[in-house]
Amino acid sequence: MLKLRSRHGLFSARALDEGSALLLRELERLPAPSRVLDLGCGYGAIGLTLAARWPDAQVDMVDTDMRAVESAAQNIARNRLANATVTLSDGIRQLRQPLHAYDLVVANLPAQAGNDALDQLLLDAYDAMLDGGSLALVVVNGLRKYLTRRLVDIFGPTRVAKVKQSSAHTVLEAAKLGT
């Protein structure tokens, strides 16, 4: 069992939020990937759960908030997860990995970020993925239609699927066409 701590002021600081829990349940069905990127990791709830679930996978996490990155780094150390790293980064800009390095990108997209920021996160996810890689994200239902349209624009109409919907959240997946 992971021991995760957060800080006051971070998203879902007191407990795992419903959207992240829904995404993690849906990801249980996937085979272990080699490289995972958690975009906007916060204190590491999604990325560190995946690092513990898939010990042979390398899980890289990024966030723009220094407090979130510090919390995630402390949670990596607290749980002795040698296969996880966290980087302060606006999207994928400060990652050490080259583009097209990840076979799975995950995110709990921030509802208040605005369309431009969400679009940039989707483009970053696409650029970070290997050909044949997947994006799995959770969004509040109010953003589902907009994000589905944007995913179709980026990935193509046959590469986007609604995987699960609860009363408040939707899990969407997109696959990057292999060459």
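For clarity, every value in this text was computed on a predicted model and none was experimentally measured.

1. Let's talk about the confidence of the model for the protein
One rule of thumb: low pLDDT means the predicted coordinates there are not for detailed reading.
Okay, so step 1: Here the protein averages 90 in pLDDT, while 93% of its residues score no lower than 70.
Okay, so step 2: Confidence scores differ between elements of the protein, with strand E6 (residues 160-165) showing the lowest mean pLDDT of 92 and strand E1 (residues 35-39) the highest of 97.

2. Re the environment of Gln165
Okay, so step 1: Tracing the backbone shows Gln165 in strand E6.
Okay, so step 2: Sequence spacing of Gln165 and Gly19 is 146 residues, and the spatial spacing of their C-alpha atoms is 9.8 Å.
Okay, so step 3: Side chain to side chain, Gln165 and Lys162 meet in a polar contact 2.9 Å long.

3. Let's talk about the sheet that holds strand E7 (residues 169-175)
Okay, so step 1: Spatially, seven strands are ordered E3-E2-E1-E4-E5-E7-E6 in an open sheet, and the strand pairing comes out mixed. On the outer flanks of this sheet lie strand E3 (84-88) and E6, each paired with one strand and no other. Looking at each pair of strands side by side, their axes are set apart by 20° on average, direction ignored.
Okay, so step 2: Relative to strand E4 (residues 102-108), E1 runs parallel, the two sharing four bridges.

4. Here's the deal with the pattern of salt bridges
Pairing between side chains of opposite charge can happen when the charged atoms of each approach one another.
Okay, so step 1: On inspection of all chains with the given rule, the structure shows eight salt bridges.
Okay, so step 2: For Glu173, the salt bridge goes to Arg29, with nearest N and O atoms at 2.4 Å. Note that Glu173 is positioned in strand E7 and Arg29 in the loop between helix H1 (18-27) and E1, a separation of 144 residues in sequence.
Okay, so step 3: One salt bridge connects Asp60 with Arg35, and the closest N-O pair in it is separated by 2.8 Å. With Asp60 in strand E2 (residues 58-63) and Arg35 in strand E1, the pair connects residues that are 25 residues apart, well separated along the chain.
Okay, so step 4: A single salt-bridge network, built from bridges that share partners, covers Glu26, Arg29 and Glu173.

5. Quick word on empty space enclosed by the protein
Okay, so step 1: Tallied over the full model, the rule gives one cavity of 30 Å³ or more.
Okay, so step 2: What the largest cavity holds in volume is close to 40 Å³.
Okay, so step 3: Every residue along the wall of the largest cavity is listed here: Leu39, Val105, Ala107, Leu109, Leu121, Leu122, Ala125, Leu135 and Leu137.
Okay, so step 4: Across the lining of the largest cavity, the residue classes break down as nine nonpolar, no polar and no charged.

6. Concerning the packing of helix H4 (residues 115-128) against helix H5 (residues 144-155)
Okay, so step 1: Put simply, H4 and H5 touch, their axes get as near as 11 Å, and they point 40° apart. Classified by the angle between their axes, H4 and H5 sit oblique to one another. Relative to H5, the crossing made by H4 is right-handed. From H4, Asn115, Leu118, Asp119, Leu122, Leu123 and Tyr126 reach across to H5, where they touch Tyr146, Leu147, Arg150, Leu151, Ile154 and Phe155.
Okay, so step 2: Looking at side-chain class alone, the contact of H4 with H5 contains nine nonpolar, one polar and two charged residues.

7. Overview of the nonpolar core
Okay, so step 1: In this structure, Leu37, Leu39, Val105, Leu109, Leu135 and Leu147 are the most contacted members of the largest nonpolar core, which totals 28 residues.
Okay, so step 2: Ignoring sequence-local partners within four residues, the contact set of Leu135 consists of Val105, Leu122, Ala125, Met129, Leu151, Phe155, Leu172, Glu173 and Ala174.

8. What to know about the pairing of E4
Regular strands place side chains that alternate from one sheet face to the opposite one.
Okay, so step 1: Counted residue by residue, E4 has six buried out of seven residues, so it is predominantly covered.
Okay, so step 2: Bridge count for E4 against strand E5 (residues 129-140) is six bridges, and the pairing is parallel. Paired with Tyr102 across the bridge in E5 is Met129.
Okay, so step 3: After leaving E4, the chain enters H4 and then returns to the sheet as E5, a path that is right-handed.

Conventions used here
Residues numbered from 1 in each chain as written. Predicted model: local features only at pLDDT ≥ 70, side-chain atom pairs only at ≥ 80, totals over all residues. Heavy atoms only, no water. pLDDT = per-residue confidence, 0-100. Helix = DSSP H or I, 4+ residues; strand = E, 2+ residues; numbered from the N terminus. Polar contact = N/O pair within 3.5 Å; in protein donor to acceptor, adjacent residues only side chain to side chain. Pairing = 2+ DSSP bridges. Axes fitted to C-alpha atoms, helices over the stretch in contact; angles between N-to-C directions. Salt bridge = Lys/Arg side-chain N within 4 Å of Asp/Glu carboxyl O. 1 Å grid on protein atoms, 1.4 Å probe; cavity = no way out; pocket = protein on both sides within 12 Å on 5 of 7 lines; lining within 4 Å. Points joined across faces, edges and corners; volume = space filled by probe spheres on them. Nonpolar A, V, L, I, M, F, W, Y, C, P; charged D, E, K, R; others polar. Parallel < 35°, antiparallel > 145°, perpendicular 65-115°, else oblique. Left-handed = near helix turned anticlockwise from the far one by under 90°. Contact = heavy atoms within 4.5 Å. Core = buried A, V, L, I, M, F, W, Y, C linked by side-chain atoms within 4.5 Å. Buried < 20%, exposed > 50% of the residue type's maximum accessible area, 1.4 Å probe, protein only. Right-handed = clockwise from strand over helix to strand, strands pointing away.

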